[in-house]
Amino acid sequence: MSEIKATVLSKFQEVFGDAEGAKVFFAPGRVNLIGEHTDYNGGHVFPCALTIGTYGVARKRGDRNLRFYSMNFEDLGVVESSLEEFVPGGDKNWTAYPKGVMWAFEQKGMKMDSGLELLLFGNIPNGSGLSSSASVEVLTGAILRELYGFEVTNQDLALIGQFSENQYNLVNCGIMDQFAIAMGKKDCAIFLDTSNLQYEYAPIALKGAKIVISCSNKKRGLGDSKYNERRSECETALSELQKVIAIKSLGELSEADFEKYQDAIADPIRRKRAKHAVYENQRTLKAVEALKAGNLEEFGALMNASHVSLRDDYEVTGIELDTLAEEAWKVPGVIGSRMTGAGFGGCSVSIVKDEAVESFIQSVGEAYLKKMGYAADFYVVEIGDGPRLL
Ligand code: GLA
């Protein structure tokens, strides 16, 4: 970490002339272990923050200008803007994320009294489904809090990040990603009830096993995916169900109630979408129970069932993620494997016994390359803390 800190500081100096008064920050990426496409359905999620994420070097300016530089998009050079140039939906490059957060603070009555210089470096693969954009949002919030003295909690940073994503970047995401990042805690997953934001940290002591991320290298952004379409399918299904049962969200339904009332949903496709939301929420509750009871096998089986539901009922996997999960299931020593994040590309998450990690990477990697014609990347990850000043 200190090596990266030195690298980003020296790049800041090169780009902005000197690094006097510049501060270095970090915000993690996240991986969701189970509870997918439940966060906008009033259900539960079980994500954790990672030790990889986004580094930011920032310094206030004496004028109202904004100067951005990303080491991940060096060909763009310094992107110039100002506090007068916030246009929701209008930015065409990565600066839409930090600008969206600045705009969101302003909307909440916290106005920046001067511009800033901001340099970013992310070691989360972009567009991989590990929330590189939410990481940038929470990072920007933590920077504004420190530099401008805004009084906000980490939970506020999550909500402001989501608000900026919804209202400035026009992606109708739920709260999971920003919450997992802003509230991250080393070696713990966050069991979050998205209907009321009550949460609990669950220690992830994987004795003799590792969390492995397999990146499909099929790039995606939420904006160009069918994400918003799935949300509206669930909303329509909910309003149909509300004609026969008093519920506020799909997350309130048990499996038995869903079976009893599902005929109220007219369209069979919409019925499948709602079924996923209901069953996935119940699977998440069961998975956390299994983990607390030390039953990792059961946790893994629920992860596998989650993937099948996302593949068959929610239809957000695609050949890349299906190949990663299905090949993983064949490898001895794999406890569980599923797609993670929004889907349509991005990554899978697997829990793999220590002694099987090497053979897992080799056999899934080979099968993927053979089928897709290009390689997947593998990362053995660790669970880390939330945003901080370094
Ligand atoms: C994306 C969204 C989250 C969540 C997941 C699916 O990561 O940003 O809010 O809906 O997809 O579980």
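The preceding data block contains the structure.
Treat the numbers as computed from the prediction; the structure is a model and nothing was measured.

Visitor: What's the story with the overall build of the protein chain in this structure? I'm lost.
Guide: Counting secondary structure elements, the protein chain contains 11 helices and 13 strands. Here the C-alpha atoms of the protein chain give a radius of gyration of 21 Å, agreeing with the 21 Å that 2.2 N^0.38 yields for 390 residues. Seen through its C-alpha atoms, the protein chain measures out along the principal axes to roughly 65 × 50 × 40 Å. Relative to its 390 residues, the protein chain shows a buried fraction of 58%. Of the contacts made within the protein chain by residues no fewer than 6 positions apart, 72% connect residues no fewer than 24 positions apart. For the protein chain, the accessible surface area stands at approximately 15,500 Å², while carbon and sulfur atoms represent 48% of it. Taken together, the 42 basic and 54 acidic charged side chains of the protein chain have centroids lying 2 Å from each other.

Visitor: Teacher, can you tell me more about the site of the ligand here?
Guide: Near the ligand you find 13 residues, and of these Glu-36, His-37, Asp-39, Asp-177 and Tyr-227 are the closest. Measuring from an oxygen atom of the ligand, one finds a side-chain N or O atom of Tyr-227 at 2.7 Å. Protein chains bury 98% of the 310 Å² of accessible surface belonging to the ligand in isolation. Tallied by class, the residues present in the shell around the ligand amount to six nonpolar, three polar and four charged.

Visitor: Sorry, what's going on with the side chain of Asp-39 here?
Guide: Mapped onto the secondary structure, Asp-39 falls in the loop between strand E1 (23–32) and strand E2 (44–45). This buried residue, Asp-39, is left without a salt bridge; Arg-231 holds the nearest opposite charge, at 6.4 Å. Of note is the side chain of Asp-39, whose polar atom sits 3.3 Å from the backbone nitrogen of Ile-175. A polar contact is formed between the side chain of Asp-39 and the backbone nitrogen of Met-176, at a distance of 3.0 Å. Beyond its immediate stretch of four places on either side in the chain, Asp-39 contacts Val-45, Gly-174, Ile-175, Met-176, Thr-194 and Tyr-227.

Visitor: Where do I start with helix H8 (residues 268–292) in this structure?
Guide: Owing to its 3.6 residues per turn, the α-helix aligns residues three or four sequence positions apart on the same side. Between its terminal C-alpha atoms H8 stretches 36 Å, which fits the 36 Å expected from 25 residues at 1.5 Å a residue. Just past H8, the residue Gly-294 takes up positive phi, approximately 75°.

Visitor: Looking at this structure, how should I read the side chain of Glu-165?
Guide: Position of Glu-165 relative to the elements: it lies in helix H4 (residues 154–167). Sequence-distant contacts of Glu-165, defined by excluding residues within four places in its chain, comprise Tyr-97, Ser-133, Glu-137, Leu-170, Val-171, Cys-173 and Gln-178.

Visitor: Teacher, can you tell me more about the pattern of salt bridges here?
Guide: Should the charged atoms of two oppositely charged side chains come close, the side chains can pair. Under the defined criterion, the tally for this structure stands at 30 salt bridges. Across the pair Glu-74 and Lys-11 runs a salt bridge whose closest N-O atoms are separated by 3.3 Å. Here Glu-74, found in the loop between strand E4 (65–70) and strand E5 (79–82), pairs with Lys-11, found in helix H1 (residues 2–16); they are 63 residues apart in sequence, far enough to count as distant. A relative accessible area of 37% places Glu-74 in the partly exposed class. Since its relative accessible area comes to 15%, Lys-11 is described here as buried.

Visitor: Quick question: what am I supposed to make of the pairing of strand E6 (residues 116–122) here?
Guide: Walk down a regular strand and you will see the side chains alternate between the two sheet faces. E6 sits mainly inside the fold: six of its seven residues count as buried. Summarising the sheet, strand E3 (residues 47–60) and E6 pair through seven bridges and their orientation is antiparallel. Paired with Arg-59 across the two strands is Glu-117, which belongs to E6. Pairing analysis gives five bridges linking E4 to E6, with the strands arranged parallel. Among the inter-strand pairings, Ser-70 is bridged to a residue of E6, identified as Leu-120.

Visitor: Sorry if this is basic, but what is going on with the sheet that holds E2 here?
Guide: Either a parallel or an antiparallel arrangement is found when strands of a sheet pair, and the pairing is made through backbone hydrogen bonds. Reading across the sheet, the three strands line up as E2-E7-E8 and stay open at both edges, with antiparallel pairing between neighbours. The sheet is open, and its two edges are formed by E2 and strand E8 (198–203), each paired on a single side. Sheet topology places E2 next to strand E7 (residues 188–193); two bridges connect them, and they run antiparallel. Bridge assignment links His-44 to a residue of E7, and that residue is Asp-193.

Reading the values: the criteria
- Residues numbered from 1 in each chain as written.
- Predicted model: local features only at pLDDT ≥ 70, side-chain atom pairs only at ≥ 80, totals over all residues.
- Heavy atoms only, no water.
- Helix = DSSP H or I, 4+ residues; strand = E, 2+ residues; numbered from the N terminus.
- Rg over C-alpha atoms; globule rule 2.2 N^0.38 Å.
- Buried < 20%, exposed > 50% of the residue type's maximum accessible area, 1.4 Å probe, protein only.
- Contact = heavy atoms within 4.5 Å.
- Areas by Shrake-Rupley, 256 points an atom, 1.4 Å probe, with all protein chains shown as cover.
- Lys, Arg positive; Asp, Glu negative; His and termini not counted.
- Charge placed at Lys NZ, Arg CZ, Asp CG, Glu CD.
- Near = heavy atom within 4 Å.
- Polar contact = N/O pair within 3.5 Å; in protein donor to acceptor, adjacent residues only side chain to side chain.
- Nonpolar A, V, L, I, M, F, W, Y, C, P; charged D, E, K, R; others polar.
- Salt bridge = Lys/Arg side-chain N within 4 Å of Asp/Glu carboxyl O.
- Expected span 1.5 Å × (residues − 1).
- Pairing = 2+ DSSP bridges.

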